[in-house]
Amino acid sequence: MTAAALRLANVRKSFGRTEIIRGVDLVVHERERHAIIGPNGAGKSTLFNLISARFPVTSGSIELKGEDVTGLRPFQIQRRGLSRSFQISNIFHNLSVFDNVRCAVLWSLGYRYSFWHRLSRLRDASDRADRIIEAIGLSRRRATPASVLSYAEQRALEIGITIASGAEVILLDEPTAGMSHSETQDAVALVRRVTEGKTLVMVEHDMSVVFGLADRISVLVYGQIIATGTPAEIRQTPAVREAYLGTEFADA
Amino acid sequence: MKTLFSRSRLLVLAAYLAVIVIAPLLSPKGYWLSLLCQIGISTVFALSFNMLLGQTGLLSFGHAVYFGLGAFATIHFLRAMHEHSFSFPVTLLPLAGGAAGLLFGIALGYVTTRRAGTTFAMISLGIGEMVAASSLMFPGLFGGEAGLSSNRMTSPGWFGITYGSQLQMYYLIAGWAFLCILGMFALTDTPLGRMANAVRDNPERAEFVGYDPQWVRYLMVVLAGFFAGVAGGLTALNYEIVTAETLSASTSGIVIMMAFVGGIGHFAGPIVGAALITVLQIVVASVTEAWPFYFGILFTVLVLYAPGGIAGIVAEHKRLYDAGQLGRVLQQYLLGLVPFALCCLGIVTLVEMAYVLANSSEPGNAPLHVFGVTLNAARPLGWAPPVIAVVVGGFLLRLVARRMASRGETVVTSLLQRQA
């Protein structure tokens, strides 16, 4: 058994008096593709926001590769090798596609807050950015400002920014949301390609994507994980069928 | 790959260098030279301001703090040199201003950059007021109402340059301005410079690519403080007197206008804005007492109709030119020129008449001479010609604008077709 890439212990989150995440325990193994599914409002996105430190947890602890990262700021988590994407594209609108990705590689290459390096001369940063732009299929749009990209292109850029730092743990929040069937297929192929050899945690609504991609699945219902297992195991779990999957699951 | 000094950029740089070297030789008048000096100082100040607004998305209402404190530090240094008779090359003295700006940036920036957006703007306003108030509270440090003065001619300078003449002073300003412009431009091509843009666009995402947006903003404020301080140092040397006005809210306001009028979206925008506003301030002020009024009109119209400033207007027309549409648009402009001029003339006449009337000492007689015609502002009928000019001009301008709008659509569609 490999070490845990990510370990959540009794994580809770309340907004005011409403508890959204009600004691989540979750172990994500290294290099596995782990999907989190659940009905709307189950708290999937909130869980992502807790893991990536967008919100502080109310109680409980989060470990990343064996290190306690509870209470750190987002950029500190990022620097420790966990990177996330957003459900609604969260990009640098006025910067070109190239600059969007290059910004995301700078820290991991050690340039930090440098104002003594000439950015355009940093071959390692440009080369890495260009490789990623090619991987996400946006080479033709390299110089285009991010704000004028199409929806699907912005989604691809979102993934590009997320993987650019070379983080070993990748969190993808609904990478195929709002896409047509063919776009979804492209996006799945992209996710598969760029997360090769990495730990992937994803929230996804499209069951065909989930069952096609995930090694293991956790089912989140009302802020609690009611089951975790391989796709085959999840299919068999009666509680899951009742709580969430229903007919949709039967079709998958 | 574009590098910092590609051939076209070197060309622009060389042309700019030529302009600043030759400019003072164009007219022997002292007036011209002092105008150029002021433009040089304003350019550095406005560019340093735009490091915050244009590049980092921080609207500062208190940027004069760094400019003013840089100026006071420099004048103190100069006075100390005279008093304790030690020597330091005056050529390098603007660095004293820069150091002061940097240090105050380190101290004050820590407070101001805790938050972005409106909060930053408000805190910068508060700190600006605080520093401006202390300048009057501590007359020992700031010289009170009269300010502090000194003499920039100290020990024999390098190669016998003493900055005794205004021309030497001009070249000192030009040299430092050129260095500062290069420095600030180089900064746009660094990891910090690009991350400042990223933080401006989306601070949250910047955090999720490993950067602390607060730290990015802080460093930019500190560096902008340095350049503003250098500009302050130059102003201290140029005028040999520094008053509380250099760090007042009105100075902070002027620099916002310079950056905005020139265009905050382009590096060169504030350079153009600084030159234009300085010229307006000095030239228009020498023609009419009502200059702040015109200035207000210009600023309002520009922000309303060209939020990208002059640089934005140029960029837009460059796009039209690239699409081969510039000629058609220029024809429309030509058509609008006469009504526009008529309208402007009417407005200016109205403002001047109001001014003459308000300052008239003789009841019933407030004459204004326009193009050899005398209008009496004290009589209602005297107001008729400018009112008619504004109404007719405005009406015609509207017609042209409508025509342009409908033509504009065809321009836009053909632009889109070309892109597709």
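All of the points below concern the structure found in this document. (Residues numbered from 1 in each chain as written. Chains lettered and ligands numbered in written order. Predicted model: local features only at pLDDT ≥ 70, side-chain atom pairs only at ≥ 80, totals over all residues.)

So, the overall build of chain B
Which entries qualify depends on this criterion: To qualify as a helix, a DSSP run of H or I must reach at least 4 residues; to qualify as a strand, a run of E must reach at least 2; elements of each kind are numbered from the N terminus. Residue burial is a threshold on neighbouring C-beta atoms within 10 Å of the residue's own C-beta, all placed from the backbone, with 20 or more meaning buried, 12 or fewer meaning exposed, and counts in between meaning partly exposed. Here, residues touch in the contact sense if the C-beta positions derived from the backbone fall within 7 Å of one another.
The number of helices and strands found in chain B is 16 helices and 4 strands. Along the three orthogonal principal directions, the C-alpha set of chain B runs to about 65 × 65 × 45 Å. Expressed as a percentage of its 420 residues, the buried residues of chain B come to 41%. Put simply, of all contacts in chain B between residues at least 6 apart along the chain, 76% involve residues at least 24 apart.

Structural notes on the interface of chain B and chain A
If you look at the interface, chain B gives 28 residues, while chain A gives 30 residues. Sorting the residues of the side of chain B that touches chain A by element identifies α8 (191-201), α9 (203-207) and α10 (213-239) of chain B as the ones contributing at least two each. Considering each element in turn, the side of chain B that touches chain A owes the most residues, 8 residues, to α8(B).

Quick look at helix α5 (residues 117-137) of chain B
Since the α-helix turns once every 3.6 residues, residues separated by three or four places project in the same direction. All names here are of chain B. Worth spelling out the cut-off: Any helix carries an expected span of 1.5 Å times its number of residues minus one. This arc describes the spread of directions from the helix axis toward the C-beta atoms.
Between its first and last C-alpha atoms α5 spans 30 Å; for 21 residues at 1.5 Å apiece the expected length is 30 Å, and the two agree. Taken together, the buried positions of α5 are occupied by Phe120, Ser124, Gly128, Val131, Ala132 and Ser135. Projection of α5 onto a plane perpendicular to its axis shows the buried side chains occupying an angular sector of 100°, all on one side. Turned more than 90 degrees away from the buried face of α5, the exposed residues are Thr118, Thr119, Ala133, Leu136 and Met137. Buried residues along α5 sit against α3 (64-83), α4 (94-112), α6 (139-142) and α11 (249-262).

Regarding unusual backbone geometry
All names here are of chain A. One non-glycine residue, Asn10, adopts positive backbone phi at about 45°. Tracing the backbone through its elements, the reader meets Asn10 in strand β1 (residues 4-15). Look at Tyr222: it is not a glycine, yet its phi comes out positive at around 45°. Its location among the elements puts Tyr222 in the loop between β9 (216-221) and β10 (224-229).

Remarks on the sheet that holds strand β5 (residues 67-68) of chain A
All names here are of chain A. As a reminder, the rule being used: Two strands qualify as a pair provided DSSP detects at least 2 bridges between them. Helix axes use the C-alpha atoms of the stretch in contact, all axes being lines fitted to C-alpha atoms, and the angles between their N-to-C directions lie in the range 0 to 180 degrees.
Pairing is antiparallel across the open sheet formed by 4 strands, whose spatial order is β2-β1-β4-β5. Looking at which strands have only one partner, the edges of the open sheet turn out to be β2 (18-29) and β5. Two elements, β1 and strand β4 (residues 59-64), share 5 bridges in a ladder whose sense is antiparallel. Of the residues in β4, the one forming a bridge with Leu8 is Ile62. Sheet strands in contact with helix α1 (residues 44-51) are β1, β2 and β4, and its direction is about 65° off that of β2.

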